[in-house]
Amino acid sequence: NACEALARASGPRRLRLIAGPCAARPGMVKLCLRNSGALPEAALRAQGREPLDSERGLGLGLLLARRALELAGGDLALANAEGEAVVTVRIPGEAA
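Quick notes on the rules
Residues numbered from 1 in each chain as written. Predicted model: local features only at pLDDT ≥ 70, side-chain atom pairs only at ≥ 80, totals over all residues. Heavy atoms only, no water. Helix = DSSP H or I, 4+ residues; strand = E, 2+ residues; numbered from the N terminus. Rg over C-alpha atoms; globule rule 2.2 N^0.38 Å. Buried < 20%, exposed > 50% of the residue type's maximum accessible area, 1.4 Å probe, protein only. Lys, Arg positive; Asp, Glu negative; His and termini not counted. Charge placed at Lys NZ, Arg CZ, Asp CG, Glu CD. pLDDT = per-residue confidence, 0-100. Pairing = 2+ DSSP bridges. Core = buried A, V, L, I, M, F, W, Y, C linked by side-chain atoms within 4.5 Å. Contact = heavy atoms within 4.5 Å. Salt bridge = Lys/Arg side-chain N within 4 Å of Asp/Glu carboxyl O.

1. Some words on the overall build of the protein chain
Counting its secondary structure elements, the protein chain contains three helices and four strands. Ordered by position in the sequence, the α and β elements of the protein chain form the string α-β-β-α-α-β-β. In summary, the protein chain has a C-alpha radius of gyration of 14 Å against a globular reference of 12 Å for 96 residues, a match within 12%. Summarising its shape, the C-alpha atoms of the protein chain cover approximately 40 × 30 × 20 Å along the three principal directions. Considering the protein chain as a whole, with its 96 residues, one finds that 29% of them fall into the buried category. With 13 positive and 10 negative side-chain charges, the protein chain shows a spacing of 4 Å between the two charge centroids.

Dropping the structure here:
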């Protein structure tokens, strides 16, 4: 989804993946994906807890991702910050 959003964006485009130990939750690894643009308000409200209306699919992607992460002991958070869409995933593990 991030790559599709970047392809549709005008102006400067950027996609960043930041990974490392999660300081707030020892024993967890944090992956943060940031890309130019913003997440839709509906996605921010739902936070992957319910299906979304989608023109290109079933709208189940975030719901399935959140559920899989929770079953593995992790979590998912969605936000807009500093002109970027931010998806943060925390999963159990040790930083290499």
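2. As for the confidence of the model for the protein chain
Of all residues in the protein chain, 95% have pLDDT values of 70 or greater, and the mean over the chain is 86. Summarising per-element confidence for the protein chain, the mean pLDDT is lowest in helix H1 (residues 2-8) (71) and highest in strand S3 (residues 75-81) (95).

3. Here's the deal with the pairing of strand S2 (residues 28-36)
Residues in a regular strand project their side chains so that they alternate between the two faces of the sheet. Summarising the sheet, strand S1 (residues 15-21) and S2 pair through seven bridges and their orientation is antiparallel. Following the sheet pairing, Pro 21 is matched in S2 by Val 29.

4. Topic: the nonpolar core
Leu 39, Ala 43, Leu 44, Leu 69, Leu 76, Leu 78, Ala 85 and Val 89 form the largest nonpolar core, which has eight residues in total. Of all the secondary structure elements, the ones that give two or more residues to this core are helix H2 (41-46), S3 and strand S4 (84-92). Setting aside anything within four residues of it in sequence, one finds Ala 85 in contact with Leu 33, Arg 34, Asn 35, Gly 37, Ala 38, Leu 39, Ala 79 and Asn 80.

5. Considerations on unusual backbone geometry
Notably, Gln 47 is not glycine yet its phi reads approximately 50 degrees, a positive angle. Inspection of the secondary structure puts Gln 47 in the loop between H2 and helix H3 (61-71). Since its relative accessible area comes to 14%, Gln 47 is described here as buried. A positive phi angle, close to 55 degrees, is found at Glu 82, a residue other than glycine. You can see Glu 82 is positioned in the loop between S3 and S4.

6. Remarks on the pattern of salt bridges
Here the structure, examined in full by the defined rule, presents seven salt bridges. Close ionic contact of Glu 84 with Arg 34 constitutes a salt bridge, the shortest N to O distance being 2.6 Å. Here Glu 84 is found in strand S4, whereas its partner Arg 34 is found in strand S2, with 50 residues between them in sequence. We classify Arg 34 as buried; its relative accessible area is 13%. One network of salt bridges, in which partners are shared, links Arg 14, Arg 16, Arg 34, Glu 82 and Glu 84.

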